[in-house]
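# Structural description and commentary
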Amino acid sequence: MDAKKKSHIVVWGNAKGGVGKSTLALHFALQCMYEKLSVACFDADGDQGTLFRSIENRRQYCKQQNFSLPVPEIVRFCPSAYETAELSIKDLDLLLQTLENFDVIVIDTQGSDTPLGRYVHQKSSVLVSPITESPLDLDLFVNIREIQEQSHLTLPFGSYAHMVWEQRLNKASQAQEHLEWVVVRNRISHQISRTQLHMEKILKSLAPRVGFHIGPSIGDRSIFRELFSYGLTVMDRDGLTTLAHITARQEIKSMTQYILSLLKKNKY
Ligand SMILES: Nc1ncnc2c1ncn2[C@@H]1O[C@H](COP(=O)(O)OP(=O)(O)OP(=O)(O)O)[C@@H](O)[C@H]1O
Ligand SMILES: [Mg+2]
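Keep in mind that this is a model prediction, so the values were computed, not measured.

## A short note on the site of ligand 1
Around ligand 1 lies a shell of 17 residues, among which K21, S22, T23, N186 and G219 are the nearest. Between ligand 1 and K21 there is a distance of 2.8 Å, counted from an oxygen atom to a side-chain nitrogen or oxygen. In the environment of ligand 1, a nitrogen atom lies 2.9 Å from a nitrogen or oxygen atom belonging to the backbone of G219. With the chains in place, 83% of the 630 Å² that ligand 1 exposes on its own is no longer accessible. Take the shell around ligand 1: its biggest share by element is three residues, from helix α1 (residues 21-34). Within the shell around ligand 1, the residues separate by chemical class into three nonpolar, eight polar and six charged.

## Considerations on the pattern of salt bridges
For the structure on display, the rule yields 14 salt bridges. Residue D236 is joined to R58 by a salt bridge in which the shortest nitrogen-to-oxygen separation is 2.7 Å. Placement of D236 in the loop between α9 (222-226) and α10 (243-265) and of R58 in helix α2 (residues 50-65) is noted, with a sequence separation of 178 residues between them. Residue class for R58 comes out buried when judged on its relative accessible area of 0%. Between R185 and E200 there is a salt bridge, with its nearest N and O atoms 3.6 Å apart.

## Quick notes on the side chain of S129
Its place among the elements puts S129 in strand β5 (residues 126-131). One polar contact links the side chain of S129 to the main-chain carbonyl oxygen of G13, over a distance of 2.8 Å. Discounting residues that sit within four places of it in the chain, S129 has contacts with G13, N14, F141, Y160, W181, V182, V183 and V184.

Calculation notes
Residues numbered from 1 in each chain as written. Chains lettered and ligands numbered in written order. Predicted model: local features only at pLDDT ≥ 70, side-chain atom pairs only at ≥ 80, totals over all residues. Heavy atoms only, no water. Near = heavy atom within 4 Å. Polar contact = N/O pair within 3.5 Å; in protein donor to acceptor, adjacent residues only side chain to side chain. Areas by Shrake-Rupley, 256 points an atom, 1.4 Å probe, with all protein chains shown as cover. Helix = DSSP H or I, 4+ residues; strand = E, 2+ residues; numbered from the N terminus. Nonpolar A, V, L, I, M, F, W, Y, C, P; charged D, E, K, R; others polar. Salt bridge = Lys/Arg side-chain N within 4 Å of Asp/Glu carboxyl O. Buried < 20%, exposed > 50% of the residue type's maximum accessible area, 1.4 Å probe, protein only. Contact = heavy atoms within 4.5 Å.

Dropping the structure here:
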């Protein structure tokens, strides 16, 4: 990417659980590898270890089937193994330093607000937050009831958006670097619903005010769930050419290109 070697840190975060952080982090990492970037994955949700296990499944599958597929480097980090947040942050920094030579470091996080989670958000060049089509997910960005019921001069930030802003300010003051924030709508249903249109409208109006971009969205496709036990991604199997598979692959490519373009724009 840039002439000067520096890792680009892409963090997958959202205070809401089960929105697709680990699934999309894995797909992003693999698509970057297919685009000839060197990638290291860092599972900061190591107690659950979804990203770590996906990549281990992939390694095993390739070995058993004698396949030669790209497998990213993976570090599993278990926050619960540390007595204090300070110790975990210190260790996390040391581990990240060992990955400095990779083009991209993909960090998967846990869906809860912890000092370590906050620190990881601060380290990101680009933060990607998947959300599903539920107003419940949006409530962590902005108080959804208040914006529907009243017109506000000040935006009633939800807890997650508040936390991201704090980390943005910390990053700007400590490293003089900007944190780009992208929201990716995940598990979009094929059938357009009223909720879907409502979410779209609210997101569009919030984006410039809360300070996030709306990235390309990803459909709800069972292929994402089916591939997990093999650690495979929709980009891997060229032989599979169902319409759902081709569309899913295109969506992941668009999402990846969007994130990489933000890294390039900011010359991280
Ligand atoms: N686009 C999609 N289509 C269909 N299923 C999906 C999609 N994205 C994710 N899933 C499924 O949704 C579930 C939750 O995904 P995932 O574990 O990636 O979320 P998460 O945000 O990392 O959750 P956690 O907060 O628990 O770490 C999984 O069963 C996953 O296979
Ligand atoms: Mg996860």
